Structure formats: C-alpha cells, structure tokens
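Chain by chain, the residues run as shown.
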Amino acid sequence: MRIRAEKDFWAGLLYVLLSAGFLWLGRDYKMGVASRMGPGYFPIVLGWTLGAFGVVSIVRSFLTDGAPIGKIAWKTLAWVSAGVLAFGVLITTAGLLFALPVLVLLSSLASAESRYDLKGLLILLGLTLFCVLVFVKGLGVPMPVLGSWFDGIVPPTWQR
Amino acid sequence: MELFSNLLLGLETSFTLINLSYCLMGVFLGTAIGVLPGLGPAATIAMLLPATFAMPPVTALIMLAGIFYGAQYGGSTTAILVNLPGETSSVVTALDGYQMARQGKAGRALAVAALSSFFAGTVCTLLIALFAPPLAAIALKFGPAEYFSLMVLGLIASIVLAHGSILHALGMIVLGLLLGLVGTDVNSGAARYTFGVNELADGIGFVIVAMGMFGIGEIIANLQDEGTRDVSITKVKGLWPTREDFKRSIAPTLRGTALGSLLGILPGGGAALASFGAYALEKKVSKSRHEFGKGAVEGVAAPEAANNAGAQMSFIPMLTLGIPANPVMALMIGAMIIQGIQPGPAVMSEQPALFWGLIVSMWIGNLMLLVLNLPLIGMWVKMITIPYRYLFPIIIVFCAIGVFSLNNTYFDVYLMALFGFIGYVFKKLDCEPAPLLLGFILGPMMEEFLRRALLLSKGDPTVLLQRPISATMLVLAVILLGMVLLPSFSKTREVAFQEE
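The numbers attached to residues start from 1 for each chain and follow its sequence in the written order. For naming, the first written chain is A and the first written ligand is 1, with later ones following in the order written. Local features in this predicted model are restricted to residues whose pLDDT is 70 or higher, and side-chain atom pairs enter the listing and the counts only when it is 80 or higher, whereas totals over whole chains, interfaces and linings include all residues. Side-chain numbers come from the whole structure's heavy atoms, not from hydrogens or water.

A few words on the overall build of chain A. Per the convention used, a helix needs a DSSP run of H or I reaching at least four residues, while a strand needs a run of E reaching at least two, with both numbered from the N terminus. What chain A contains, in helices and strands, is six helices and two strands. Mapped in sequence order, the helices and strands of chain A form the string α-β-β-α-α-α-α-α. Taking 15 Å as the expected radius of gyration for a compact globule of 160 residues, we find that chain A reaches 24 Å, considerably beyond that expectation. The principal-axis extents of the C-alpha atoms in chain A amount to approximately 60 × 45 × 25 Å. Throughout this description, buried means an accessible area under 20% of the type-specific maximum (1.4 Å probe, protein chains only), exposed means over 50%, and partly exposed covers the range between. In chain A, which comprises 160 residues, the proportion classed as buried is 46%. Residue contacts follow a heavy-atom distance rule, with two residues in contact if any of their heavy atoms lie within 4.5 Å. Long-range contacts, defined here as pairs at least 24 residues apart, represent 63% of the contacts in chain A between residues at least 6 apart. Each accessible area is a Shrake-Rupley estimate made with a 1.4 Å probe; only the visible protein chains count as cover when residues are assessed. Entry remark: accessible area of chain A is about 8,600 Å², with carbon and sulfur atoms responsible for 73%. Charge counting treats Lys and Arg as positive and Asp and Glu as negative, with His and both chain ends excluded. Taken as the charge location is NZ of Lys, CZ of Arg, CG of Asp or CD of Glu. Each charge sign in chain A was given a centre, from 13 positive and 7 negative side chains, and these centres are 5 Å apart. Here the globule rule is a power law, 2.2 Å times the number of residues to the power 0.38, and the radius of gyration is based on C-alpha atoms.

In structure tokens, the structure reads:
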C-alpha cells in the first residue's frame, strides 16, 4: 500500500483531525433531542460528517492517482504571517505609523522580487501618509497613529 | 404597470448624487481590480466592507455590486490585450480576444466585448425586475423546512457547478458550517468553540475569514508562482467595430446572454461557468467555428455576454431568497446583515427603494462602464504593468487595517493571519476556499431553520420529505450529486472548465 494521491491523503487527514478537534471540544455540549435540538446537536452531526469525508478522502488516496503536493512556500508563508502578526501587536502599542511600515517590510521579505530602493521607500511613505489621512482622519477609524507607548510622551492630539 | 413603477422607484433612488458617485466609484474600482491579476472581487469587497458601515445601506450595496460586475469588464480587458485573464470568467475571452489583438484588431475586440457585456447587462436588469418579484412571493410562503432544504440544494449545486474535487468541496462546506457555529448559540446561550475568548463570543467575523482566505491566502499562493511577467502590450487603435463585426456578434451575444442568464440564476453558476459554457456552445453552432482560437469575433462576444449575464443574474437568489450563489454574494449578504437588513424574500416588500435602487444602479453602472472604459483603455493598460511586488504589500496593509477597524481589536488581525495560513494550506491541497465561505455564512441559518423545522414536526425528520417543495429540493440535490458520480457527466464537467 502506498499513497498515490498525496493531496487527497493530507486533506483527508486534516479533515479527520479537525473533526476530532470539533468533536472533542464539543463533547460537553448538550445534544438535546431532535424536537428540541441542544447546542451540541448540529456540531456533533457535522463533526462526524467531516470525519467521514476525511476517511473517504484518505481511502481514495490509496486507490486513485493524484498530483503531488509540490513545494510548500514556507518562507513566503512565514514572512507574510509574521508581518500580519506584527501589525496586530504594534497597532495599539506603537501605532499605525510604525505598524504599517513593519508590516510592509516583513511581508516584502516574502518575495524574492522585492527591491529596497528609493522608489520603494517613497511608495511606503506615500502609503503610510495615505492610510493616516484616509482611514484615521477621513473615515475616522479609531486606530491610533501613535499608540499606547507614546502616552504622556507626545501630545494626545498627535496620537489620534 | 407595476414593473414600470418599480423601475421608476429604482431610478429615483439610484439617481441621487451620492448613489451615482458611489456607483461610479464601484465600477471604477471593480475595473481596476479586474485588470490587476491576483486581486479578485471577493477580496476587494471584503477589504472595503468596513468602509461601507457608515454609508446608507443602498449606497453601500450599489458600490459593492459595482465592484463585482466592474471586475468582469476589467478582466476581459487584460485577457484581450495581454492574454492575462484578470478573472476566471474571462479565461475563454483570452483565447480569441488575444488573437484578435495580435492581428491588430485589439480595439475592435475590446469594443465588441464591452458592447456585448452591456447588452447582456441590460437584458439581465430587465429579467431581474421581471422574475424577482414572483420568486420572492413564492419564497415568502416558505417555512423553515423549505429553507433548510433550499440551503442544502444551494450548497450542493454550488459545488457541482463549480470546478474542482466534489469530495473536497463537500469537506470544505462542512468545515465552513462548523466554523460558522463558533460563538454563542442563539437558542441556549451556550458558548461553543470560543475557548473562553471574549472576542469569539459573537462568532468569527466573516470578513475576517474572507480576507484571510481570499486576500492573504491568495497572496501567499501568488507569490509562490511569482515569475517575471513579460508583458508586451499591443497598440490599441480603431475602437469601432466594423459592420461585419456587428453582424457576426449579434447571434453569439444573444445566445451568450441566454445561457449566462440561465446558469447565473443557479447557485454556484455565476460568471465563470457561463463564459466557459457559452464559448463551448459557439464552437459547436457557429458558422465560423473553424476560425475559433484564431481570432473569431464570436469567441469574444459570446463569453463576454455570458459572464456579465451570469454575474448579474446571481443577484436573483441573493436578493429574493437570501441564498448566496458565490462568495461575492455571500459577502453582499454579510454587508446587508451588518446594515441591519435580514436578507430574504421580505427585502423587496420592506425595502423597495433599496431593492429597486440596486437593480437600476446595475444598469446605470453598466452604462458607465461602457462610456468610461473604452476611453480609459490607456490607463488600464498602464495598470497591468504595475509589478506584483509593489502591489501585494499594499493589499496586505488594506486587509490588516480593514480587519482591525471591524471591532478595533488586534485579535481579529491575528485571526486573519490564521485564516490566511489555513487558506494557503488548503489551496495547496486543492481544497477551494469558496465552498468554505458559503458554508460559513449559511451555517447558523441552517441550524436555526433545521431546529425550527424539527420543533414544528415534534422531532420527526421526515418533515423535510413530507412537504412537497422541500422534498423536491432535496431530491434535486440528490440527483445533482448522483449525476457527478456518473462517469459521463463528470467528464463533461471536467471538459467544461478546460477549454484550452
């Protein structure tokens, strides 16, 4: 026995794991009866259904041929995720003025094509200015320009 | 006549300065993202949703709808000029459109594409105005059992008519349904899958899922396939089609419109399938079928009419039943819910101005596209040459700001990163994000309808089969699924999406 369809196998395994997760987390939700469905009824039914699809997919991966998964772009994945997560950390603490450039720089590392030249810098500055003016000043999104780290250091009007 | 008074009401609503300008903005943005490869209407609408919170509902919907059908126009422009279809729905347009461009007929191809799209858009506006009211009237009589079965049918149809593996689409739907249940159960007040996290008590925002999977996930996948895009652009001249072009385009446009309208109304049909189907049909029935693939004007007119018709008609199930036919419609439903409007058959009677305003705005938007796009060709062409390395960080920034502004919490930004990761992993495994998003939107509604149906029947599940409309829909769903298992049908299904 060998895996003939890699994608089917891994997708199936993911389904099974996710289904197990949903079922385990939902183990204490009350089932209720059909005429009075409890909070657990629908999730449990769906959880088992997902698991069944996963098993079918795994079985199929041994029986039919499929394309290999190919390379996973771990580096790209890591840099883009790091950028977004950093934005989440910095947006309320350092503020948009720092969170945005950090996000752009980190995610740029995801692409081999990125260039770090004057043109790129000007675009970054333009984008930052645009976002501050349009989102914070224009649309009034309650997003600090300078975050909590600057409390008491700069006048509050600079932070908004 | 009622039809005219309705359209008049729509005209009044959409002909205000604010609505006209947002309509213009929508179609303009839509064309732009249609031109840019790697950014689709679903991600764009998700990004812009937070910005629409402050607008009146009708204005928000008019703009979002404009993005959707504007993208169809933009997608065909790049397909013809540089053989890079901006959207899936314009993949087949590239086959003959690009050949025409290489023969120096780029302007004529663009004009035919725009005119046939406009024709289809006009017809569909009328069709929606004609068929939506009776459909909504029927839907008003639906009980919870009918709704539940309708949603089952909608979900099944949406995967049978889309491309990709049925098994994985089913898996993604169920996963989407499960994710949709995260949060407080409305009936018992029990917190489900919240891990005690406050931010999850109201459930996961669907904008977060959409932006993560369609925005971030797509970007990661695109970056992986990043190559040097060698774009050589043909000079555009002679925008007016010849008399012969006109003559040859009339019949294909009509056929494309008819097929597109038919497929568009089905869940999952929409623009992509319509254009593939129309091209295949023309190849069979056209007198000049030997020219197909070598620059036949019919090969541009038919799929362009069909994809625009399909895109517009997919508004029918959304507006009359509250059922999304594709991810974009799911986002439109989300936009309505955020605006405090419960999508469904009641929208038409309770919010006539919104309903008819939206429909008439689609016709106005199509007209704007026709008038604006041809003169602006030069600008769109310039946009194609923007390198992706500048584009993708900007998209991520807009996604991040958009998600943060939903609830002003960084937690949502983390969640988006998580869904970007999930989206990429599943994409690598050929599991499409679209069915997951449809399931995610429908999950809570399906649970609620099933709960009510079973409550009314005192727990007897056969109620779903005892009520004729509900039973018909379930039988249809089973037939659809059964058809896929037939080897001959699944072969046709594969061929329909591989027209190259």
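To continue, consider the overall build of chain B. Each helix and strand in chain B was counted, giving 23 helices and two strands. A globule of 500 residues ought to have a C-alpha radius of gyration of about 23 Å, and chain B, at 22 Å, matches this closely. Viewed in the frame of its principal axes, chain B has a C-alpha envelope of about 70 × 55 × 50 Å. When burial is assessed residue by residue, chain B has 62% of its 500 residues classed as buried.

On to unusual backbone geometry, then. Residue and element names in this part refer to chain B. A positive phi angle, close to 55°, is found at Phe195, a residue other than glycine. Within the secondary structure, Phe195 sits in the loop between strand S2 (191-192) and helix H9 (206-224). One non-glycine residue, Asn408, adopts positive backbone phi at about 55°. With respect to the helices and strands, the residue Asn408 is situated in the loop between helix H18 (388-407) and helix H19 (410-428).

Here the focus is the interface of chain B and chain A. Contacts between the two partners involve 61 residues from chain B, matched on the other side by 64 residues from chain A. For the chain B face of the interface with chain A, the top three residues by lost area are B:Leu167, B:Tyr193 and B:Ile401, together amounting to 12%. Within this document, salt bridges are pairs made up of a side-chain nitrogen of Lys or Arg and a carboxyl oxygen of Asp or Glu, the two lying within 4 Å of each other. Seen at the junction of chain B and chain A, the total is one salt bridge. Note that B:Asp430 is salt-bridged to A:Lys7, the shortest N-O span being 3.2 Å. Any pair of nitrogen or oxygen atoms within 3.5 Å is treated as a polar contact; in protein, a donor-acceptor pairing is required on top of that, and neighbouring residues in sequence qualify only through side-chain atoms on both sides. Applying the counting rule to chain B against chain A returns ten residue pairs in polar contact (both at pLDDT 80 or more). By buried area we mean how much accessible surface two parts lose on assembly, using a 1.4 Å probe and totalling the loss over both.

Coordinates in, geometry out; function isn't part of it.
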